[in-house]
Amino acid sequence: DDSLHYLIMANQMLVQRALLYKLKDTGLTIGQPKILDYLSRHNGSNQKEIAKACFLEAGSLTTILNKMEEKGLIRRQILNGNRRSFHIFMTESGKKNQKLVEEAFKKIEKTALNGISEEEQKLFMDIFCRIYRNLADMK
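Only a predicted model underlies this, so the values are computations on that prediction, with no experimental measurement involved.

Section: the packing of helix α1 (residues 4-22) against helix α5 (residues 92-112)
The geometry of a pair of packed helices is captured by two quantities: the angle between their axes and the separation between those axes.
Argument step 1. Closest axis-to-axis distance for the α1/α5 pair is 10 Å, and the angle between their directions is 130°. One way to sum up the angle between α1 and α5 is to call them oblique. When you trace α1 past α5, the crossing you get is right-handed. Each of Val15, Ala18, Leu19 and Lys22 in α1 lies in contact with α5, whose residues at this interface are Val101, Ala104, Phe105, Lys107 and Ile108.
Argument step 2. Across the contact of α1 with α5, the residue classes tally to seven nonpolar, no polar and two charged.

Shown next as structure tokens:
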């Protein structure tokens, strides 16, 4: 199938499969790499911010974070005395795993873009970003 929705879905699944394969020795599971990736740029975010940025429901995020905390990848901390809002920080172990996630993403992207010129890559990314904005604005 060459419809847009199918290709987006299929590519996402292929990237996820490749990522989990490359990270199999780390014990990271679905959802954890993207949270570590997000925290690498937004360490100390609250759970609501992480859920929104990672396109996760609050309940799903809580389950993932609980497992990440058990593995010692993150720690939760209350800031400014607000007991209703935990902020999430990567531990040293989380930072080490995040570096592995970053390396895996780079390898996957290099493979995905193999044989595609820089000009074509830029055009693709421009269009793909416009598609994202169109969909994000959809009600």
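Looking at the confidence of the model for the protein chain
When pLDDT drops low, the exact placement of atoms in the prediction is not to be read closely.
Argument step 1. Across the protein chain, the average pLDDT comes to 94, with 99% of residues at 70 or higher.
Argument step 2. Mean pLDDT values over the elements of the protein chain span from 93, in strand β1 (residues 74-78), up to 97, in α5.

Some words on the pattern of salt bridges
Argument step 1. Summed over the entire model, instances satisfying the criterion amount to five salt bridges.
Argument step 2. The residue arginine 41 makes a salt bridge to aspartate 37 at a minimum N-O spacing of 3.4 Å. Here arginine 41 pairs with aspartate 37, and both are found in helix α2 (residues 32-42), just four residues apart, close to one helical turn.
Argument step 3. Between lysine 95 and glutamate 92 there is a salt bridge, with its nearest N and O atoms 3.6 Å apart.

Notes on helix α4 (residues 58-70)
Argument step 1. The end-to-end C-alpha distance of α4, which contains 13 residues, comes to 18 Å, matching closely the 18 Å that a straight helix rising 1.5 Å per residue would cover.
Argument step 2. Where α4 is concerned, the buried positions are Leu61, Ile64, Leu65 and Met68. Across the axial projection of α4, the buried residues extend over an arc of 100°, all falling on one side.
Argument step 3. In the segment just after α4, glycine 72 is the residue with positive phi, at about 80°.

As for the packing of aromatic side chains
Argument step 1. The tally for this structure, following the rule as stated, stands at one aromatic pair.
Argument step 2. Geometry around tyrosine 21 places lysine 24 over its ring, the cationic atom sitting 4.0 Å from the centre.

Procedures and definitions
Residues numbered from 1 in each chain as written. Predicted model: local features only at pLDDT ≥ 70, side-chain atom pairs only at ≥ 80, totals over all residues. Heavy atoms only, no water. Axes fitted to C-alpha atoms, helices over the stretch in contact; angles between N-to-C directions. Helix = DSSP H or I, 4+ residues; strand = E, 2+ residues; numbered from the N terminus. Parallel < 35°, antiparallel > 145°, perpendicular 65-115°, else oblique. Left-handed = near helix turned anticlockwise from the far one by under 90°. Contact = heavy atoms within 4.5 Å. Nonpolar A, V, L, I, M, F, W, Y, C, P; charged D, E, K, R; others polar. pLDDT = per-residue confidence, 0-100. Salt bridge = Lys/Arg side-chain N within 4 Å of Asp/Glu carboxyl O. Expected span 1.5 Å × (residues − 1). Buried < 20%, exposed > 50% of the residue type's maximum accessible area, 1.4 Å probe, protein only. Arc of directions from axis to C-beta. Phe/Tyr/Trp six-rings, centres within 6.5 Å; stacked < 30°, edge-to-face > 60°. Lys NZ or Arg CZ within 6 Å of the ring centre and 35° of its normal.

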